Amino acid sequence: MRGSLLALDLGTSTGWALRTADDYTSSGTVLLKNTRYDGGGMRFLRFRRWLEDLDQDAGPIEAIYFEEVRRHVGTDAAHIYGGLLAVLSAWCEEHLVAYQGVPVGTIKRFATGKGNADKAAVINAIRSRGFAPRDDNEADALAILLWAIETRGGVR
């Protein structure tokens with residue numbers, strides 16, 4: 001690996017996990033909620049700026065893995081996910097960064113052994129691996145990152 005790996009759980013509270021080329025892992029969440037004074041596209045601009053800053057500070061980013069959601073309960077969540085995915089894929093294309101979606105069931109099965117595990121089970125599974133996620137978004141991102149590392153992005 002020549003650069004960093006980034007894993008994302010896209011949403012208003014985007015979970016992220018990063019493994020640098022020297023094997024340092026960090027994670028957290030970035031809040032992309034609009035304020036009442038923001039225009040509709042501000043969350044997407046903030047997300048793009050966050051990606052650029054992360055690439056500058058901890059990069060270069062070699063590959064990005066993200067939770068691939070096929071169905072959302074709410075319309076707003078679907079629109080936000082779609083917008084963030086559009087920004088992510090365009091940013092990756094522009095910067096020649098490989099990107100790949102990982103189905104929700106694959107992530108849960110990898111982390112817990114059960115493809116339909118609940119949020120608490122994923123958090124507990126990630127904690128049992130020595131991490132301390134603050135919420136399910138960060139836990140999902142860590143699970144995606146560990147999956148990407150251990151399976152070489154699904155090649156194994």
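Residues numbered from 1 in each chain as written. Predicted model: local features only at pLDDT ≥ 70, side-chain atom pairs only at ≥ 80, totals over all residues. Heavy atoms only, no water.

## What about the packing of aromatic side chains?
Counted only if it meets this: Each Phe, Tyr or Trp ring, with Trp reduced to its six-membered ring, pairs with another whose centre is within 6.5 Å; inter-plane angles below 30 degrees give stacked pairs, above 60 give edge-to-face pairs, and intermediate values give tilted ones. Strands are runs of DSSP state E lasting at least 2 residues, helices are runs of H or I lasting at least 4, and numbering of each runs from the N terminus. When a residue's accessible area, from a 1.4 Å probe over protein chains only, is under 20% of the maximum for its type it is buried; when over 50% it is exposed; and in between it is partly exposed.
Per the stated rule, a full pass over the model turns up three aromatic pairs. The interplanar angle of 15° and the centroid separation of 6.2 Å between the aromatic rings of Phe 47 and Trp 50 together place this pair among those described as stacked. Placement of both Phe 47 and Trp 50 in helix α1 (residues 42-58) is noted, with a separation of three residues, approximately one turn of the helix. Side by side, Phe 47 and Trp 50 carry an identical accessibility label, which is buried. Ring centres of Tyr 65 and Trp 147 lie 6.2 Å apart, and the angle between their planes is 75°; on these two criteria the pair is classed as edge-to-face. One end of the pair, Tyr 65, is in strand β4 (residues 61-68); the other, Trp 147, is in helix α5 (residues 136-151), and 82 residues separate them in sequence.

## Considerations on the side chain of Arg 43
Where we set the bar: Here a residue-residue contact requires only that any non-hydrogen atoms of the pair lie within 4.5 Å.
If you trace the backbone, Arg 43 turns up in helix α1. Once residues lying within four places of it in the same chain are set aside, the contact partners of Arg 43 are Thr 12, Leu 32, Lys 33, Asn 34 and Ile 80.

## Brief notes about the packing of helix α3 (residues 104-112) against helix α4 (residues 119-128)
Definition in use: Fitted lines through C-alpha atoms serve as axes, helices being fitted only where they are in contact, and the angles separating the N-to-C directions of these axes extend from 0 to 180 degrees. Working rule for angles: under 35 degrees goes down as roughly parallel, over 145 as roughly antiparallel, 65 to 115 as roughly perpendicular, anything else as oblique. Each crossing gets its handedness from the near helix: less than a right angle anticlockwise from the far helix is left-handed, clockwise is right-handed. Gly is put with the polar residues, along with every residue not named as nonpolar or charged; the nonpolar set is Ala, Val, Leu, Ile, Met, Phe, Trp, Tyr, Cys and Pro, and the charged set is Asp, Glu, Lys and Arg.
Axis separation between α3 and α4 bottoms out at 9 Å; the angle between their running directions is 50°. Here α4 runs oblique to α3, going by the angle between their axes. As α3 runs across α4, the sense of the crossing is left-handed. Counted together, Lys 108, Ala 111 and Thr 112 of α3 and Ala 121, Val 122 and Ala 125 of α4 form the full contact between these two elements. A class-by-class count of the residues in the contact of α3 with α4 yields four nonpolar, one polar and one charged.

## Details of the packing of α1 against helix α2 (residues 75-95)
What describes two packed helices is the angle between their axes and the distance between those same axes. Running from N to C, α1 and α2 point in directions that differ by 35°, and their axes come no closer than 10 Å. In the packing of α1 onto α2, the handedness of the crossing is right-handed. Residues Arg 43, Phe 44, Phe 47, Arg 48, Leu 51, Glu 52 and Asp 55 of α1 form the contact with α2, whose participating residues are Ile 80, Gly 83, Leu 84, Val 87, Leu 88, Trp 91 and Glu 94. Looking at side-chain class alone, the contact of α1 with α2 contains eight nonpolar, one polar and five charged residues.

## Some points on the pattern of salt bridges
Which entries qualify depends on this criterion: Should a side-chain nitrogen of Lys or Arg be within 4 Å of a carboxyl oxygen of Asp or Glu, the pair is scored as a salt bridge.
One pass over the structure, following the stated rule, counts eight salt bridges. Here the salt bridges share partners, and the residues they tie into one network are Arg 48, Arg 49, Glu 52 and Glu 94.

It is worth stressing that arrangement in space is one thing and function is another; only the former is reported here.
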